[in-house]
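# Descriptive structure summary
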Amino acid sequence: MGSLGLPSVAAPQSARNAVLATRIRWFVAATITYNVIEAIIALTEGARVSSTALIGFGLDSVIEVASAAAVAWQFAGRDPQTREKAALRVIALSFFALAAYVAVDAVRSLFGADRPQHSLVGIGLAAASLVIMPVLSAAQRRAGRELGSASAVADSKQTLLCTYLSAVLLAGLLLNSLFGWSWADPVAALVIAVIAVKEGRNAWKGDTCCATPIAVVGTGGDADHCCADDKCANA
């Protein structure tokens, strides 16, 4: 009991945080599973049809697995907050590595190193990811914001990045397949690289929304309002 005879909010809050942490672990596990499958398909098909965009998409899936694994490692600890900075660094470096590789390969492709072929498998994969990734990202971001975990939100942003990449990839593959615009594939890959750099910088700075939640979080309110900054809350 509190000093005024009211029940303490500490116990319910602690229980809610435990539920959120468990939920994030499940989202991370789902993300890892899907991205392993996605990476295998994208890298195999990308190598077969010489598609820089597909290979970049597959590498992003590999990096998403590393990012999700970093968050899983963080939440496996007794005090996840003590591991948060290290997890964010892993996520940021993953973005930078992806951007560097994809940018170099895309420039090579633009100068005629490889001419990408048509890929119905790639189109199907991009379309499927365009549907699945936003759902996983939104669910993890909501839980991460309510818990006040910057790394969980950063990882959800990496999953959301997969949605953007899926749209870019789909556009590039369709333009190549329908109109024979082979340059669309490496251009799509360069867009992927630019987005990856931006998100990597945000993760490195910890600019992931809700790194510092407002005073009372998880008391039944909407998780989208857990940030003091309105711009952040609506991101």
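Read on for a plain summary of the structure. Keep in mind the model is a prediction, meaning the values are calculated, not measured.

Counting residues in hydrophobic clusters, the biggest one holds 46 residues, and the most contacted among them are Ile 24, Phe 57 and Leu 169. Ranked by the residues each element gives to this core, the list is headed by helix α5 (residues 150-179), at ten residues. If we skip the residues at most four places from it in the chain, Phe 57 touches Glu 38, Ala 42, Leu 125, Ser 129, Cys 162, Leu 165, Ser 166 and Leu 169.

Right, let's get into the environment of Ala 18. Relative to the helices and strands, Ala 18 is located in helix α1 (residues 10-49). Here Ala 18 falls in the partly exposed class, since its relative accessible area comes to 42%. With 129 residues separating them along the chain, Ala 18 and Leu 147 place their C-alpha atoms 9.2 Å apart.

A word on the packing of helix α2 (residues 52-76) against helix α4 (residues 120-147). Contact geometry of α2 with α4 gives a least axis separation of 13 Å together with a crossing angle of 25 degrees. Relative to α4, the element α2 is oriented roughly parallel. Our pair here, α2 against α4, has a crossing hand that is left-handed. Note on element contacts: α4 touches α2 through Gly 122, Leu 125, Ser 129, Met 133 and Leu 147, opposite Leu 54, Phe 57, Glu 64 and Phe 75. Classifying every residue of the contact of α2 with α4 by side-chain character gives six nonpolar, two polar and one charged.

About the criteria used
Residues numbered from 1 in each chain as written. Predicted model: local features only at pLDDT ≥ 70, side-chain atom pairs only at ≥ 80, totals over all residues. Heavy atoms only, no water. Core = buried A, V, L, I, M, F, W, Y, C linked by side-chain atoms within 4.5 Å. Buried < 20%, exposed > 50% of the residue type's maximum accessible area, 1.4 Å probe, protein only. Helix = DSSP H or I, 4+ residues; strand = E, 2+ residues; numbered from the N terminus. Contact = heavy atoms within 4.5 Å. Axes fitted to C-alpha atoms, helices over the stretch in contact; angles between N-to-C directions. Parallel < 35°, antiparallel > 145°, perpendicular 65-115°, else oblique. Left-handed = near helix turned anticlockwise from the far one by under 90°. Nonpolar A, V, L, I, M, F, W, Y, C, P; charged D, E, K, R; others polar.

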